[in-house]
Structures are given as structure tokens and as C-alpha cells.
Amino acid sequence: MNDLSGKIAPGPFHHVGTRPVRPDGVEKVTGKAVFGPDFSVAGMLYGAILRSPHAHARIRGIDTRKAAALPGVKAVVTGADFPDLESLTVSAGESSGDIIHISRTCMAHEKVLYDGHAVAAVAATSARIAQEALALIAVDYEVLPHVLDPEAAMRDDAPLLHDGIFTKGIEPAPERPSNVPMKVALARGDAAAALAGAAAVAAGRYTTEFVHQGYIEPHVCVASWNADGQAQIWASSQGHFSIRALTASVLGMAQADIRVHPLEIGGGFGGKTGIYLEPVAMLLSRKAGRPVRLAMSRGEVFRATGPAPGAVIELRIGAAADGTLVGAEIDFIYNAGAYPGNTAHSGLICALGHYRLANARITGWEVLTNRPAVKAYRAPGAPQVNFAVESALDDLATQLGIDPIALRLKNAVIPGDAQPTGVPFGQIGYVECLEAARAHPHWSAPLGPNQGRGLAGGLWRSHGGPSTGEVGLAEDGTGLVAAGSPDIGGSRASMAIMAAETLGVPYEQVRVTIADTHSIGYSMVTGGSRTTFATGKAVIEAAEQVIATLRQRAAAMWNVAADTVEWRDGTAIRADGERLSIGQIAAKAAFSGGPIAASVGLNAAGYLPGFAVHICDVEVDPETGHVGVLRYTAVQDVGRAIHPAYVEGQLQGGAAQGIGWALNEAYAYDAQGRMENAGFLDYRMPVASDLPMIDTVMVEVPNPAHPYGVKGVGEAPIVPPLAAVANAVRAATGKRLPDLPLTPDRVHAAVHG
Amino acid sequence: MARVVVTPSFRVEFPGDLAEFDIEAATVFDLVRRLDALWPGAAAFIEAKVSIAVDGELIGDWSTSLTRDSEVLLVPHIAGG
């Protein structure tokens, strides 16, 4: 057996590091997999939501009588149907929020705060009738002035979104409410003095826009709330336990009364860690006495769900003549939309977290505006400030005449260095990533006219947290794994690999199910780059417990002591060499103590940050300003890749999304504060024809806190691309473009300006 | 007497006199109970928003013992995507 207690298995491995076909692959490529929009139940009604056309307005009244009277309409819900709640900070996915804000995001009560804010909902016997009913609802709005720009929202005379939000983090505590929930700050040493004495200082003001996660599958759920108070919800999400907890809190229910069934998920990237539809569908279902389906259109996804915050970042970074960073001052503003978003903390921690820097002052402001409340998007809060920092580092390298990788290597954090939180880094691999980038042929390949190469590095903290994993044996000895973490990036394959490796059986002998909330213990959301690490640990520990039971059962069958039985390659081995296979032991389980299964719940600590270094080549068309990405390489410390193909996929996906952030994507609003590009035709994400094949380099610095050395990999790859692309454009044009996205008109103006 | 340090970036969320302080506590559970007595609501707040590191290591088990020399860091949960 593989004894994994408290140390990393050294290998060689039978399964870890291999690339088997994913167990859910056939169902997905043949169209059989049941995603959220595919799901239906008998007697189901069709719901629809009326959304505000105004960016900011007081709701003076809602008249739903005509809608309720329309034949086929079975229920109508408004904010008045939601329970009154006391303010309470609750866990929301991996983040947290006030339960009142979470409830108001599902349905506005007194005011609408953005174009697309839900104001009423209906359930009817057909989708067409539901839409007709929406048109019959009369909402009396008092339209209020709105504000979209975060710097404008900080002014004293800005339209105020909330009467009860007072800025935390400033002295003296303010007596007037404002649109600024929080100022956060981090300071060490004397940044101003260090900058005054620096040999070179790079300074700039950078901006980024609201960008959406761009998952393919819109939000959808089916809810059925019975007269006895028990309910079921079917939804695709990043965490069905999170749906259960938040829906129960918003509706004042016991969690055991809500059973949430996970469906296949078509992407989330952080955007499906919370709730939007579920409490509304529940209330409609209770009123109608039937199951209700609510599904967003693409336009609703853009207008009413949470994107990543836009940002304004001003900074100065100084270095000595040899490239040693000596000081930095960073001020950033994150536009959180309608409700506090909790991304400022990670901006603070990730801004300079990958460099040793004795003197730094970082100040972050979270600001509310009349846009949908932001939500997590892959490494939430990190890419924006990283864009500014890594752009400035490139400028410093240019000023000092130092190779960009050499400059970063000179200052890169190493194990034992303190993180900005004060917790020392464990076995991290930023230096190894930089060295791998320098050694890659891409870094030294020749470039043509109008072409440029950029590089950037970055980190994401990753997470561990609570997870449950179960391993059981069928009567023939094949393995059944259950996990409470939705499979977004191939985790069923990685769980099967880790269970098979531990048990010593073929990969195909282990099948994995994502269990519903009534069928397995609590598991935190699939987010924070945590699932393969944390849920994987739970599955491995459960497999170890199953092995211990198998040894006992074999010993009982042989009438020898259990400690004389070894476990190797899926087989119990007696001291004299006699063997019993896992199938032979399982077949006799009923006669040796009963079924063989184990369940492990744990709170996984020991997670380590992921570090990434990206290299990007672009070609700029001087006539049109179009930026084409010619070549792209993503290097990352992945700990140890359980299923390398899916790890590479994470690196490629993060890079592709980051390239879109850099070149194309932005929310556009009209003068009334209405979103103008709420669809993929006008909100331009990269498509396959826009991008080259993204090369990946997996650097493996194993994590000692995981039996197979796993580190989270899903978020770090979206951190460096913004600056990698911008640095490449600077190299191609000689111009620093500080405002994202780098659209052709901006690039053309810079080149010819 | 454990030394408790609230990460500077996170002090905005805590009452001013609880930014850095010494406190008698046998375990992290005990520490959180005592913090809740000093600052009513602290326990719920910490459960929702805080990660705890003891002597340089993030811990998931609040039965972790604290000694006279323990340093406890309270750092923000960081949302993930």
C-alpha cells in the first residue's frame, strides 16, 4: 500500500500524472449530459423575472393584479414576499456577504440599483405566458440619478446607493453614509523615503473595465417547495451546499429542508458561487404548489450577475541600479457595483505578494456604483492590480537596462519569505517558474517587424477548507467515490486517479459521483483552486480507511493478525505470500463484518499559493491598431499534476480569458446607465480563431501538505496575462498603453498620436 | 498568553483595540470565545471572514493548542473563483 500519512508519496506512480479519458467525457461529447438548462420535472412551471430598465430608482409600487389574472399564470412574487432579515455576515462561497444584500440581489425591495435588477417574477404554464405576464406588471419607479464611474461615486455629491453604508477603515469614523464600504491598507517600511532614494522609478495610472466570466451555460434552476416545508432544488453551480445555505438563510428555512441536486455545469469561474434565482424559484413554487424553472437569458446573465470589478490603479515602484526593488506606493480603487464585493483584500495581498520588498504602502478602496454587484472571477481582485505592477516592472527593466526575467528573479519570493498576511511562504516555486520561462525557446525566439514580446508573473493564494469524500466498494470490489464538490475542471477524473493510486487498482475500476446535499457531508464550493487539493485529501483519506478495513477483512478470512497483512497493488498479501484480491475480499464482505466503505470530512489546511509566469508575442497592425497574439506560453508551479491534461487546460483557459480581458472585453453603458453590450456578439470574448495554441510548462514543486503534492492551479493563470499582453504591445509599439482593453482604436491612437 | 495579530490589511474590519494584543487562551476555540466576549459578534464574524494561522501555519482545526509563545494571525478569507 501507499502509506501517505504525513508525507508526499515519492512515486513512481501508476496513475498520478497519467492522462486517462475523463469519466464524464462520453456523455458530454454525445450531448447526453444533463446541464442546468436540460433539466425538467413533471408538472413544472416556467418562471420569468421582470428586471429594472433603470440604473437607479426607488420602487414606489408594483401592481401585479393584471399579471396574476392572466390565464396560465400560477404565481407572482415581488420583494414583499421575501422575509425581513437582520443584517448578518454569512459565508457566501469562499467569500462572505451580508444576507440582506444577498437577498436584495435576488429581488429588489425598496430600490433598484442597476439596469437588470430583479423586481418581480411570475410562474406560468408556458414560457410564453410567463413573458406575457411580465409585460402586464406595472412598476411605479421614481428614477434617481445614477453613477457608474467609481471615482465619481466617491465624491461627496455622488448619488448615494445605500443609506446604511459607512466607510470602514478611515479615522475618524464617518458620520455620513457613502458609496465607499471600505478602505484597506497595508504598509511596511518607509515607501516614500525608499522611492526618493531609488535609482529608477516607474510610475503610472492604469485602468481596467468590468469583465464577465463568460461561462457558456446561463444560470438556471428548478425548485420544488412542498406544503410540508421540504424542498428540492436542481441547479448547476460551483457549490450546491452554498446554494442550500444561502437559500435557507434568505428564506428563513432549516438547511435540512432543502435538498440541492448538482447538475452538470457549463463553466463558472467564480460566477456561480452564489445565488440569484433559487429563492425566487422557491417562493414561486410555494405559491403555485408546483415545481418552477427559472432560467436566465444571455442578456440577463450580463445585466444581472456579477462580473469582475473594474479598477483604477496608481502606483510608483522604485529600484536600485542593480534591479533590487526598494519601494512601492500603490493606490487602487475597485468598482464593486451595487453591493460590497470583498475583492479589495485580495488586491492588497496579491499586488506585491510575489516580490521581496521592504518598503511598501498599498491602499485599496472598494466603491459602489449602479452596476451589478461584482462576483468572484478566477483569482478575484488579483489580475487588475497585477496588471499595473507587472507593467511598471517592465518599465523599470527598460529604464535600468535589465532583462525582465532577471529583474524578477532578483526580487522573487522564496520559501520562508513572509507573505503580506505575515504567514511565511511554504514550498513555493516562483523562482523555478521564472527559470523555466527563461529556458523556454519562446523567450529567445526571433521577432519580426511590428512584433513584440511581453512577460509577466503573478500569484494566487489558493485555498483548502472543508470537504467530504467517500469511498466504498461494490460487491465485486470495484470502487465508488462520492464527492460533494461539483466537477467543473475534470475533478471526477482526478478523484478517480487519486483513489485508484491509493487503493492500487486500475483507474477504470473507480467511478466517481458528485453527491447531492442529502447524500454526503458538507463540501465548500469548487472555487479558490481548492477541489483537487482539499476534496482530494478527503478522498485519499477515505481510501486509506478502506484499505485498513480490507486488511482486517483479509486477516479475518485467513485467521491471522491484521498487522501481518500488507496491501499492495490492490491485493492483500499474507506473510507467506498468499494473496486475496480486492474483489475476493469485497465478495465476502457480508460475512466478514458488512459492507466496506469510509467517509472522511476534513478542513484542509496546508494549501500553498500558485505562481505563474506568462510570455506573450503580439503583432500590431499599424494601419488598424489591431493586436494579434502570435505565440503564448504559460508557465506555472502546479505542485504535482494529477491529470496533466486538465492542468494544462486550466493554464490555457486562464490565459485565454486573460487575453480577452487585455484586448477586447468591457461592459459598455449608455447615458441612462443601461448596459449596451449584453451578449456575446457585442461583448467580445476571444474565440478559437483569435488565439494561437497556448503552450504550457508545468513546473512541479510538490506541496508537502498533500499526499500527492497537489497545489491549486485554476486561478493563478489568469493573473499575468493582462500585463504580459500589455508589455508585448509596449515592446511592439514603444508605447505604454495603461487602459484596458487594448482595443484597435486605442492602439491606433497611441501608435499615431 | 498568546499574541494575536490581525493582518494589517484586515484591521479595518476589527475594533481598533483588537488589532494586536495578548490574550490568555488554551486553544483557538478558547481564543475565539474570549474574542467574542470582548467584541460581541466576533465569533460569527471570524467564522465567515477569517482564516487563522498559528505560528506561521494556516490551521483548519480550532482545537489547536496555544502556548504562551504562540503567535496567532487573523487574515482575511480570500474569495476564489
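K.L.:
So, the overall build of chain B: which residues are in play, and what are the values?
P.N.:
Regarding its fold elements, chain B presents two helices and five strands. The helix and strand sequence of chain B, counted from the amino end, reads β-β-α-α-β-β-β. Taking 2.2 N^0.38 as the reference for a compact globule, 81 residues should give roughly 12 Å; the C-alpha atoms of chain B span a radius of gyration of 12 Å, in line with that estimate. Taking the principal axes of its C-alpha atoms as reference, chain B extends roughly 35 × 25 × 20 Å. Across the 81 residues that make up chain B, the buried fraction comes to 58%. Restricting to contacts in chain B with at least 6 residues of sequence separation, those with at least 24 account for 51%.

K.L.:
Run through the overall build of chain A, naming residues and quoting values.
P.N.:
Looking only at helices and strands, chain A has 20 helices and 28 strands in total. Here the C-alpha atoms of chain A give a radius of gyration of 27 Å, agreeing with the 27 Å that 2.2 N^0.38 yields for 753 residues. Along the first, second and third principal axes, the C-alpha atoms of chain A reach 85 × 75 × 50 Å. Summarising the internal contacts of chain A: among those between residues at least 6 apart in sequence, 79% fall at separations of at least 24.

K.L.:
Before we move on, can you summarise the interface of chain B and chain A with the specific residues and values?
P.N.:
Tallying the contact residues gives 23 residues for chain B and 43 residues for chain A. Together, the buried faces of chain B and chain A total about 2400 Å²; carbon and sulfur atoms form 62% of this surface. Seen at the junction of chain B and chain A, the total is zero salt bridges. The tally of links between chain B and chain A comes to two residue pairs in polar contact (both at pLDDT 80 or more).

K.L.:
Residues and numbers for the pattern of salt bridges, please.
P.N.:
All names here are of chain A. Scanning the entire structure with this criterion turns up 35 salt bridges over all chains. Note that Glu110 is salt-bridged to Arg104, the shortest N-O span being 3.0 Å. Ionic pairing is found between Asp516 and Arg259, a salt bridge with its closest N-O pair at 3.0 Å. Placement of the pair is Asp516 in the loop between β21 (510-514) and α16 (531-558) and Arg259 in strand β13 (residues 258-262), with a sequence separation of 257 residues. For Asp516, a relative accessible area of 9% gives the class buried. Among the ionic contacts, a cluster of salt bridges with common partners joins Arg22, Asp24, Lys28, Glu264, Asp487 and Arg492.

K.L.:
For the nonpolar core, give the residues involved together with the corresponding values.
P.N.:
Soluble, globular proteins show a tendency: their nonpolar side chains are buried together. Residue and element names in this part refer to chain A. Membership of the largest hydrophobic core comes to 122 residues, with the highest contact counts inside it found for Ile317, Ile330 and Leu352. The dominant element in this core, judged by the number of residues it contributes, is helix α11 (residues 382-400), at nine residues. Apart from the residues lying within four places of it in its own chain, the contact partners of Ile330 are Ile313, Glu314, Leu315, Ala351, Leu352, Arg361, Ile362, Thr363, Val385 and Val389. In terms of nonpolar packing, the next biggest core, distinct from the first, is built from 54 residues, Val505, Ile596, Ala604 and Tyr646 among them.

K.L.:
How would you sum up the packing of aromatic side chains? Please name residues and give values.
P.N.:
Evaluated as defined, the whole model comprises 17 aromatic pairs over all chains. On the numbers, 5.7 Å between centres and 70° between planes, the contact of B:Phe29 with B:Trp62 is edge-to-face. Here B:Phe29, found in helix α1 (residues 28-38), pairs with B:Trp62, found in the loop between β4 (57-59) and β5 (71-76); they are 33 residues apart in sequence, far enough to count as distant. Looking at B:Trp62, the relative accessible area reads 17%, which means it is buried. Put simply, the rings of A:Phe210, A:Phe302, A:Tyr667, A:Tyr669, A:Phe680 and A:Tyr683 touch in pairs and so form one group of aromatic residues. The residue whose ring lies beneath A:Arg371 is A:Phe210, and the NZ or CZ to ring-centre distance is 4.6 Å.

K.L.:
Please provide a residue-by-residue account of the domain arrangement of chain A, values included.
P.N.:
Residue and element names in this part refer to chain A. Under the domain assignment used here, chain A contains domain 1 (2-33 + 464-604) and domain 2 (424-462 + 608-753). For domain 1 versus domain 2, the distance between C-alpha centres works out to 36 Å. Between domain 1 and domain 2, the contact holds 29 residues from the first and 25 residues from the second. Counting the surface lost from both domain 1 and domain 2, the interface buries some 2000 Å², and carbon and sulfur atoms represent 62% of this.

K.L.:
So what about the confidence of the model for chain B? Which residues, and what values?
P.N.:
All names here are of chain B. In the predicted model, chain B carries a mean pLDDT of 85, and 91% of its residues have values of at least 70. Across chain B, the secondary-structure element scoring lowest on mean pLDDT is helix α2 (residues 42-49), at 84, and the one scoring highest is α1, at 92. We note a pTM of 0.95 for the whole complex and an ipTM of 0.83 for its interfaces.

K.L.:
Provide a residue-level description of the sheet that holds strand β26 (residues 610-620) of chain A, including the pertinent values.
P.N.:
Residues and elements named next belong to chain A. As summarised here, the arrangement of the four strands in space is β18-β26-β27-β28, forming an open sheet in which the pairing is mixed. In this open sheet, the two edge strands, each paired with only one partner strand, are β18 (451-460) and β28 (694-699). Between one strand axis and the next, the sheet turns through 15° on average, direction left out of account. Looking at chain direction, β18 and β26 are connected through ten bridges and run antiparallel. By the bridge assignment for β26, Gly457 is matched with Val613.

K.L.:
I'd love a proper account of the pairing of strand β15 (residues 310-319) of chain A, names of residues and values included.
P.N.:
Residues and elements named next belong to chain A. Of all ten residues in β15, eight are buried, a share of seventy percent or more. Alignment of strand β10 (residues 200-208) against β15, held across nine bridges, turns out to be antiparallel. Bridging across to β15, Ala203 finds its partner in Arg316. Direction of pairing for β15 relative to strand β16 (residues 325-337): antiparallel, over a ladder of ten bridges.

K.L.:
Please set out the packing of helix α15 (residues 491-503) of chain A against α16(A) residue by residue, giving values where relevant.
P.N.:
Residue and element names in this part refer to chain A. In contact at an axis separation of 9 Å, α15 and α16 are set at 30° when each is read in the N-to-C sense. The crossing of α15 and α16 is right-handed. Residues Ser491, Ser494, Met495, Met498, Ala499, Thr502 and Leu503 of α15 touch α16, and the partners they reach there are Thr531, Thr532, Thr535, Gly536, Val539, Ile540, Ala543, Glu544, Val546 and Ile547. Here the residues of the contact of α15 with α16 sort into nine nonpolar, seven polar and one charged.

K.L.:
How would you explain the packing of helix α18 (residues 644-663) of chain A against helix α19 (residues 721-733) of chain A if you had to name every residue and give the values?
P.N.:
Residue and element names in this part refer to chain A. Viewed as axis vectors pointing N to C, α18 and α19 meet at an angle of 55°, and their least axial separation amounts to 8 Å. Regarding the angle of α18 to α19, the classification is oblique. Handedness of the α18/α19 crossing: right-handed. Contacts between α18 and α19 involve Gly654, Ala655, Gly658, Ile659, Trp661, Ala662 and Leu663 from the former and Pro721, Leu722 and Val725 from the latter. Residue classes in the contact of α18 with α19 are distributed as eight nonpolar, two polar and no charged.

K.L.:
An account of unusual backbone geometry is requested, with residue identities and associated values reported.
P.N.:
Residues and elements named next belong to chain A. Cis geometry is adopted by the peptide bond preceding Pro172, which originates at Glu171 and carries an omega value of -5°. Turning to its location among the elements, Pro172 is positioned in the loop between α5 (150-153) and β9 (182-188). Of the consecutive residues Leu740 and Pro741, the connecting peptide bond is found in the cis state with omega at 0°. On the secondary structure map, Pro741 appears in the loop between α19 and α20 (744-752). One non-glycine residue with positive phi stands out, namely Phe269, at about 60°. Along the polypeptide, Phe269 turns up in the loop between β13 and α8 (278-288). Phe269 sits in the partly exposed class, given a relative accessible area of 26%. The phi torsion at Asn559 lies on the positive side, around 65°, for a residue other than glycine.

K.L.:
Could you give an account of α16(A), with specific residues and numbers?
P.N.:
Residues and elements named next belong to chain A. In a regular helix each residue adds 1.5 Å, so 28 residues correspond to 40 Å; α16 covers 39 Å between its end C-alpha atoms and thus fits that length. Of all 28 residues in α16, 20 are buried; the element is thus mostly enclosed. Positioned one or two residues after α16, Asn559 has a phi angle of 65°, which is positive.

K.L.:
So what's going on with the side chain of A:His117? Residues and values would help.
P.N.:
All names here are of chain A. One can find His117 in the loop between β6 (111-112) and β7 (118-124). Given the relative accessible area of 0%, His117 is considered buried. Contact partners of His117, with chain neighbours within four places excluded, come to Leu50, Arg51, Ser52, Arg104, Thr105, Met107, Ala108, Lys111, Val112 and Tyr339.

Cut-offs and rules
- Residues numbered from 1 in each chain as written.
- Chains lettered and ligands numbered in written order.
- Predicted model: local features only at pLDDT ≥ 70, side-chain atom pairs only at ≥ 80, totals over all residues.
- Heavy atoms only, no water.
- Helix = DSSP H or I, 4+ residues; strand = E, 2+ residues; numbered from the N terminus.
- Rg over C-alpha atoms; globule rule 2.2 N^0.38 Å.
- Buried < 20%, exposed > 50% of the residue type's maximum accessible area, 1.4 Å probe, protein only.
- Contact = heavy atoms within 4.5 Å.
- Buried area = accessible area lost by both parts, 1.4 Å probe.
- Salt bridge = Lys/Arg side-chain N within 4 Å of Asp/Glu carboxyl O.
- Polar contact = N/O pair within 3.5 Å; in protein donor to acceptor, adjacent residues only side chain to side chain.
- Core = buried A, V, L, I, M, F, W, Y, C linked by side-chain atoms within 4.5 Å.
- Phe/Tyr/Trp six-rings, centres within 6.5 Å; stacked < 30°, edge-to-face > 60°.
- Lys NZ or Arg CZ within 6 Å of the ring centre and 35° of its normal.
- Domains from an automatic or database assignment.
- pLDDT = per-residue confidence, 0-100.
- Pairing = 2+ DSSP bridges.
- Axes fitted to C-alpha atoms, helices over the stretch in contact; angles between N-to-C directions.
- Left-handed = near helix turned anticlockwise from the far one by under 90°.
- Nonpolar A, V, L, I, M, F, W, Y, C, P; charged D, E, K, R; others polar.
- Parallel < 35°, antiparallel > 145°, perpendicular 65-115°, else oblique.
- Expected span 1.5 Å × (residues − 1).

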